[in-house]
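Residue-level structural notes
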Amino acid sequence: MQYPTFTKEHKSLMSKHLSEDIFNKLNTLNTSSFFTLEQAINSGIKNPDSGIGVYAGDEESYKVFEDLFDPIIEEYHGFAKDDKHQSNLDANDLIAPNPDVKGKYIISTRIRVGRNLKNIPLGPAISDEQRLEVEKLVSKELSNFENDLSGTYYPLDGMSEKDKNTLIEDHFLFKTGDRFLESAGLNKDWPKGRGIYHNDEKTFLVWINEEDQLRIISMQNGGNIKEVFQRLCKAIQKLEENMSFSFNEHLGYITSCPTNLGTAMRASVHIKLPNLAQNMKEFEKITNKYYLQIRGIHGEHSQSEDGIFDISNKRRLGVTEVQCVQDMYDGVVALIKKEQEF
Ligand code: ARG
């Protein structure tokens, strides 16, 4: 392909870091699953409003195209080329007594991680057969889950209207036709191989073959953040008994989007903060101090409504899972304290 023409509209880290020299050096390369630079940057070219604008097709992409990925990872995560990542999924190390026992502020808590199977290409480069293979492996593993984790797998392909409506009402169904994923090649052969597992209480979910092969999710109403983390750690451990996830010492858990590398974790609460909503400066002072991101409650690019916010950890790479949740927890405690001062 030719060097892409970036316009004023292109705001991504990809467009910032892909110089013509780097482009020429990487343009002819491919990984062993035949993933190319053209595929990696397509989403950022087609969606000029991308913040990142690049996806990996496999673990090897991060090496073969490192001249592009490294500066992006460094800028997004503040993580240098020879830094090492460390994992800690021991929930005992988290200090998090419920900061809102009366349930005045925290509506719900949700923690997810992304995972991909070792030696299988990531979503942007996976073949249709491999995608089905992942679905089969993971859903089979989940069918052995017991007690509070026991549940049902709902494949998207051929899902009944009734199941679909219930999953939509509960905000469990992932969105269809996301344009960033579409141009990254992540919606190929949709909806085959995609689906959602959840336990009977709907506090433990696994999305199969969305942006990552697995998104493992623990959630419940209220502010018992530790309980949510404990359930997640238990489920991850159980999955790892019989399958190996793609991980390396430098980048941690390998994900298709470089923003998720490391812990691949997003720990969040939906929280009512009507006073702070009127004082965004104070609000952001706290979220910046605790490395938190503020969103609306209707997904990634949504605005806040009625003073309800989605607050989550921003750091993921070079910090442990426990630290990610601790950042979120400590920030939430500080936010509630400030909210009460008005
Ligand atoms: N590719 C999109 C962008 O560059 C999303 C990046 C982060 N979000 C995600 N779901 N991976 O803006």
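Analysis parameters
- The numbers attached to residues start from 1 for each chain and follow its sequence in the written order.
- Only residues with pLDDT of 70 or above have their local features reported here, since the model is predicted, and side-chain atom pairs are shown and tallied only from 80 upward, although totals for entire chains, interfaces and linings are computed over all residues.
- Heavy atoms throughout the structure, all of them, feed into the side-chain values; hydrogens and water do not.
- Elements are defined by DSSP. Helices are runs of H or I of four residues or more, strands are runs of E of two residues or more, and each kind is numbered from the N terminus.
- The term polar contact refers here to a pair of N or O atoms within 3.5 Å; inside protein, the definition further demands a hydrogen-donor-capable atom paired with an acceptor-capable atom, and it admits residues adjacent in sequence only when both atoms are side-chain atoms.
- When DSSP finds two or more bridges between a pair of strands, those strands are recorded as paired.
- To obtain each axis, a line is fitted to C-alpha atoms, and for helices this fit is confined to the stretch in contact; angles are then taken between N-to-C directions over 0 to 180 degrees.
- Any two residues whose heavy atoms approach within 4.5 Å are treated as being in contact.
- Relative accessibility decides the category of a residue: with a 1.4 Å probe and only protein chains considered, values under 20% of the type maximum give buried, values over 50% give exposed, and everything between is partly exposed.
- Expected span of a helix, by definition, is 1.5 Å for each gap between consecutive residues, and there is one gap fewer than residues.
- It is the directions from the helix axis to the C-beta atoms that the arc portrays.
- Counted as salt bridges are all cases of a side-chain nitrogen of Lys or Arg within 4 Å of a carboxyl oxygen of Asp or Glu.
- Criterion for a disulfide: a pair of cysteine sulfur atoms at a distance within 2.5 Å.
- Think of a nonpolar core as a cluster: buried Ala, Val, Leu, Ile, Met, Phe, Trp, Tyr and Cys residues, connected wherever their side-chain atoms sit within 4.5 Å.
- In this analysis, rings of Phe, Tyr and Trp, with Trp reduced to its six-membered ring, are considered paired at centre separations within 6.5 Å, and the interplanar angle assigns stacked below 30 degrees, edge-to-face beyond 60, and tilted for intermediate values.
- The criterion is that NZ of a Lys, or CZ of an Arg, lies within 6 Å of the ring centre and within 35 degrees of the ring normal, and then a charge sits over that ring.

Here we look at the environment of Ser 32
As for its placement among the helices and strands, Ser 32 is situated in the loop between α2 (20–26) and α3 (37–46). Sequence separation of Ser 32 and Gly 57 is 25 residues, and the distance between their C-alpha atoms is 10.0 Å. A distance of 2.3 Å separates polar atoms of two side chains, one belonging to Ser 32 and the other to Glu 60.

Observations regarding the sheet that holds strand β8 (residues 265–272)
Sheet architecture is open: 8 strands sit in the order β2-β3-β4-β5-β1-β8-β10-β9, paired in antiparallel fashion. The two strands at the open ends of the sheet, each matched to only one other strand, are β2 (151–155) and β9 (292–295). Averaged over all adjacent pairs, the angle separating strand axes in this sheet is 20°, with direction ignored. Strand direction decides the pairing type here: β9 and strand β10 (residues 308–313), joined by 4 bridges, are antiparallel. Looking at β10, one finds that Gln 293 is bridged to Ser 312. Relative to the sheet, helix α11 (residues 280–289) contacts β9 and β10, its axis offset from that of β9 by approximately 140°. Of the strands in this sheet, β1 (106–115), β8, β9 and β10 touch helix α12 (residues 321–341), which is tilted by about 15° from β8.

Digging into the pairing of strand β4 (residues 204–208)
Across the 5 residues that make up β4, a large majority, 5, are buried. Here β4 shows two buried faces, one formed by Phe 204, Val 206 and Ile 208 and the other by Leu 205 and Trp 207. Hairpin connection between strand β3 (residues 195–199) and β4: a loop of 4 residues separates the two successive antiparallel strands, and Lys 202 in this loop has a positive phi of roughly 60°. Here 5 bridges tie β4 to strand β5 (residues 214–221), and the two strands are oriented antiparallel to one another. Paired with Val 206 across the two strands is Ile 216, which belongs to β5.

Some remarks on the side chain of Ser 43
By secondary structure assignment, the location of Ser 43 is in helix α3. Using a relative accessible area of 0% as the deciding quantity, one classes Ser 43 as buried. One polar contact links Ser 43 to Ser 183, side chain to side chain, over a distance of 3.3 Å. Not counting the four nearest positions on each side in its chain, Ser 43 is found in contact with Ser 50, Tyr 55, Phe 180, Ser 183 and Ala 184.

Observations regarding helix α6 (residues 128–142)
With 15 residues, α6 extends 21 Å from end C-alpha to end C-alpha; this agrees with the ideal 21 Å at 1.5 Å per step. Within α6 the residues assigned to the buried category are Arg 131, Val 134, Glu 135, Val 138, Ser 139, Glu 141 and Leu 142. An end-on view of α6 places all buried positions within 155° of arc, on one side of the element. Facing away from the buried side of α6 by more than 90 degrees, the exposed set consists of Glu 129, Lys 136 and Lys 140. Packing partners of the buried residues in α6 comprise β2, β3, β4, β5 and α9 (225–240).

Description of the pattern of salt bridges
Counted by the stated rule, this structure contains 19 salt bridges. Here Asp 212 makes a salt bridge to Arg 215, at a shortest N to O gap of 3.1 Å. Residues Asp 212 and Arg 215 agree in their burial class; the two are buried. Glu 241 is the salt-bridge partner of Lys 238, the closest N and O atoms lying 3.7 Å from each other. Owing to a relative accessible area of 55%, Glu 241 belongs among the exposed residues under this scheme. Here the salt bridges do not stand alone but share partners, grouping Glu 282, Lys 285, Lys 337, Lys 338 and Glu 341 into one network.

Let's talk about the state of the cysteines
The final tally for this structure, using the stated rule, is 0 disulfides. No disulfide involves Cys 324; its nearest neighbouring cysteine sulfur is the one of Cys 233, lying 11 Å away. Its relative accessible area of 0% is what places Cys 324 among the buried residues.

Points about the side chain of Ser 256
Structurally, the position occupied by Ser 256 is in the loop between β7 (252–253) and β8. On the basis of relative accessible area, Ser 256 is assigned to the buried category, the value being 0%. Setting aside its immediate chain neighbours within four residues, Ser 256 contacts Tyr 55, Ala 56, Tyr 62, Asn 116, Leu 122, Pro 124, Leu 186, Glu 211 and Asp 212.

Describing the nonpolar core
Buried together is how nonpolar side chains tend to be arranged in soluble globular proteins. Core analysis: the largest hydrophobic core is formed by 55 residues, its most contacted members being Leu 142, Phe 204, Ile 216, Phe 229 and Ile 271. Here this core takes 9 residues from α12, the largest share from any one element. If near-sequence neighbours (up to four positions away) are discounted, Phe 229 is found in contact with Asn 88, Leu 89, Asp 90, Ala 91, Leu 94, Ile 111, Met 265, Glu 321, Val 322 and Val 325. Within the second largest apolar cluster, 25 residues are counted, among which are Ile 41, Tyr 62, Leu 68 and Leu 122.

Here's the deal with the packing of aromatic side chains
For the structure shown, the criterion picks out 7 aromatic pairs. On the numbers, 5.4 Å between centres and 75° between planes, the contact of Tyr 3 with Phe 23 is edge-to-face. Residue Tyr 3 is located in the segment before α1 (13–17), and its partner Phe 23 is located in helix α2; the two are separated by 20 residues in the primary sequence. An aromatic cluster of at least three residues, connected via ring pairs, comprises Tyr 3, Phe 6 and Phe 23. One Lys or Arg, Arg 115, reaches over the ring of Tyr 253 and ends 3.4 Å from the middle of that ring. One cation-aromatic arrangement involves Arg 315 over Tyr 291; the distance from NZ or CZ to the ring centre is 3.9 Å.

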